[in-house]
Amino acid sequence: MKKILVANRGEIALRVMKTIKKMGIATVAVFSEADRNAPHVKFADEAVCIGKAPSSESYLRADKIIEVSKELSVDGIHPGYGFLSENADFARKVEENGITWIGPGSKAIEIMGSKLAAKDAVKKYDIPLVPGIDKAITDTKKAREIAQDIGFPILIKASAGGGGKGMRVVNEEKELEDQMKRAISEAESAFGDGSVFIEKYVTSPRHIEIQVLCDTHGNYLHLFERECSIQRRHQKVVEEAPSVVLDEKLRKEMGEAAVKVAQSCDYVGAGTVEFIFDENRNFYFLEMNTRLQVEHPVTEYITGIDLVEQQVRIARGEELSFSQDDLSIKGHAMELRVYAEDPLEDFMPSTGKLVKYETPSGNGIRLDNGFEEGMEVPIYYDPMLAKLITYGKTREEAIEMMLEAIDDYLVEGVSTTLPFGKFVFQHDAFRSGDFNTHFVKEYYSPEA
Ligand SMILES: Nc1ncc2cc(-c3cccc4ccccc34)c(N3CC[C@@H](N)C3)nc2n1
């Protein structure tokens, strides 16, 4: 593989290209008219404008990306996250055009893209599932039977949903009929697939996910867990590895469960298996993400593995050069996603020019950054500017390093979530490790 095109933008495009370059492989960037001066464009060996600013006219243009790849004799395409990274049709088209897809097979993407198909695939491996029904239900009578059987509160989930989209909490029977109707029509219009299912609502869970790495020689490994409970409206804000609540026994159990989930869909490449973890220390499979995730750097830090390098090696048909026993957790990593949003205005996206943009650096500080001073923050895309990651011997050290790094991160011209990050890392509930997915709702009420 001599040349790889990264079909993405922002921090992840730059981050992926850095590893590709380190491997001695040429890089091709694609960009929209709004990203003409973006860092990932300047960094690449070659760069091609693929259309206008709106994603639908640029980063989501599958055919254009394949056409450019063929023109430049690209050998592989890395999709990053978001955009076309979990689009099975795109994965298929890339392969059909003789280009290596640096990601899982389209079959695995399809199975895990449907929550019901995912449940069906994993249940043969007795993976713990939340009590409920794993078949699509359409009539309220059936829904009522199930709800009575598992007990309220319940969740109605869209099979084609994910990441919190298409989920409705129902607290009592009298709401059920109306909520079912709304859930089905909402799923139909949002995903073109109205199938919904029901689960017991685990009311105050932690969100813990396991990184898996699978090659084409039948090796399936896990690279331990990431704690992702600090979320705002299903958008992760702070992630860390390892989790304070897992002991060796649970870590092994969840890791092995994640490996089985990967095996259930013949997974290849880097993937993430999401669980919820309740107060009784039970974990339940939620969904599998068939892409490299935003928060992958915290896993890279505690394992010393470059996940993008492994994705490229696996795509080249190489066997993993390490076994499960070679892997262990060293240190503690924290990640803060830095968004151009105003935490005092309900996290409204903040646009404008980065008049000042001075970033922290130093030992144990990593900044996966998509911007430079003087750049405009475009309105067309996810408003994440960068990911600030710190790595310490202990969790306490990683937190202290994070607080210092936040103080050295000077941004003028847009509001950012840096002050919100400071709030989290200074909060006793966070510092003690005693938090769940309701942390932000429970503790963060910005003084007006
Ligand atoms: N049966 C059951 N009970 C509790 C759950 C809790 C979550 C969840 C996970 C992570 C953060 C959340 C924030 C608010 C509400 C829910 C969550 C959840 N998610 C969120 C997005 C997707 N990964 C599935 N599914 C759940 N399912």
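Everything numeric here is computed off the predicted structure, so don't read it as measured data.

What counts and how
Residues numbered from 1 in each chain as written. Predicted model: local features only at pLDDT ≥ 70, side-chain atom pairs only at ≥ 80, totals over all residues. Heavy atoms only, no water. 1 Å grid on protein atoms, 1.4 Å probe; cavity = no way out; pocket = protein on both sides within 12 Å on 5 of 7 lines; lining within 4 Å. Points joined across faces, edges and corners; volume = space filled by probe spheres on them. Helix = DSSP H or I, 4+ residues; strand = E, 2+ residues; numbered from the N terminus. Nonpolar A, V, L, I, M, F, W, Y, C, P; charged D, E, K, R; others polar. Near = heavy atom within 4 Å. Polar contact = N/O pair within 3.5 Å; in protein donor to acceptor, adjacent residues only side chain to side chain. Areas by Shrake-Rupley, 256 points an atom, 1.4 Å probe, with all protein chains shown as cover. Phe/Tyr/Trp six-rings, centres within 6.5 Å; stacked < 30°, edge-to-face > 60°. Buried < 20%, exposed > 50% of the residue type's maximum accessible area, 1.4 Å probe, protein only. Salt bridge = Lys/Arg side-chain N within 4 Å of Asp/Glu carboxyl O.

Chemist: Describe the layout of surface pockets, naming the residues involved and giving the relevant values.
Modeler: By volume, the second largest pocket amounts to about 220 Å³. Together, H222, F224, E248, R251, K252, E256, Q324, D325, L327, S328 and I329 line the second largest pocket. Where the lining of the second largest pocket is concerned, the elements lending two or more residues are strand 10 (220–232) and helix 9 (248–264). Of the residues belonging to the lining of the second largest pocket, the class tally is three nonpolar, three polar and five charged.

Chemist: Go over the site of the ligand with me, naming the residues and quoting the values.
Modeler: Around the ligand sit 19 residues, and of these K157, E199, K200, V202 and E274 come closest. In the model, a nitrogen atom of the ligand is placed 2.9 Å from a nitrogen or oxygen of the V202 main chain. In the environment of the ligand, a nitrogen atom lies 2.9 Å from a nitrogen or oxygen atom belonging to the side chain of E274. Considering the ligand on its own, with 530 Å² of exposed area, one finds that the protein chains cover 93% of that surface. Among the elements of the structure, strand 6 (154–162), strand 8 (196–200), strand 12 (269–277) and strand 13 (283–289) are those that each provide at least two residues to the shell around the ligand. Taken together, the residues of the shell around the ligand break down into eight nonpolar, six polar and five charged.

Chemist: How would you explain the packing of aromatic side chains if you had to name every residue and give the values?
Modeler: The geometry of an aromatic ring pair is captured by two quantities: the separation of the ring centres and the angle between the planes. Applying the stated rule across the entire model yields 18 aromatic pairs. Note on Y59 and Y381: the rings are 5.6 Å apart at their centroids and 80° apart in plane angle, and the pair reads as edge-to-face. Of this pair, Y59 sits in the loop between strand 3 (46–51) and helix 3 (62–71) while Y381 sits in the loop between strand 20 (376–377) and strand 21 (384–392), and the two are 322 residues apart along the sequence. Residue classification places Y59 among the buried positions, given a relative accessible area of 0%.

Chemist: If you had to explain the pattern of salt bridges to someone new, which residues and values would you point to?
Modeler: Taken as a whole, this structure holds 50 salt bridges when the rule is applied. Note that E67 and K64 form a salt bridge whose closest N and O atoms lie 3.7 Å from each other. Taken together, the residues E67 and K64, both in helix 3 and three residues apart, mark about one turn of the helix. Among the residues examined, E67 registers a relative accessible area of 38% and is labelled partly exposed. Residues E225 and R251 are paired through a salt bridge, measuring 2.7 Å at the closest nitrogen-oxygen approach. Separated by 26 residues along the polypeptide, E225 in strand 10 and R251 in helix 9 bring together distant segments of the chain.

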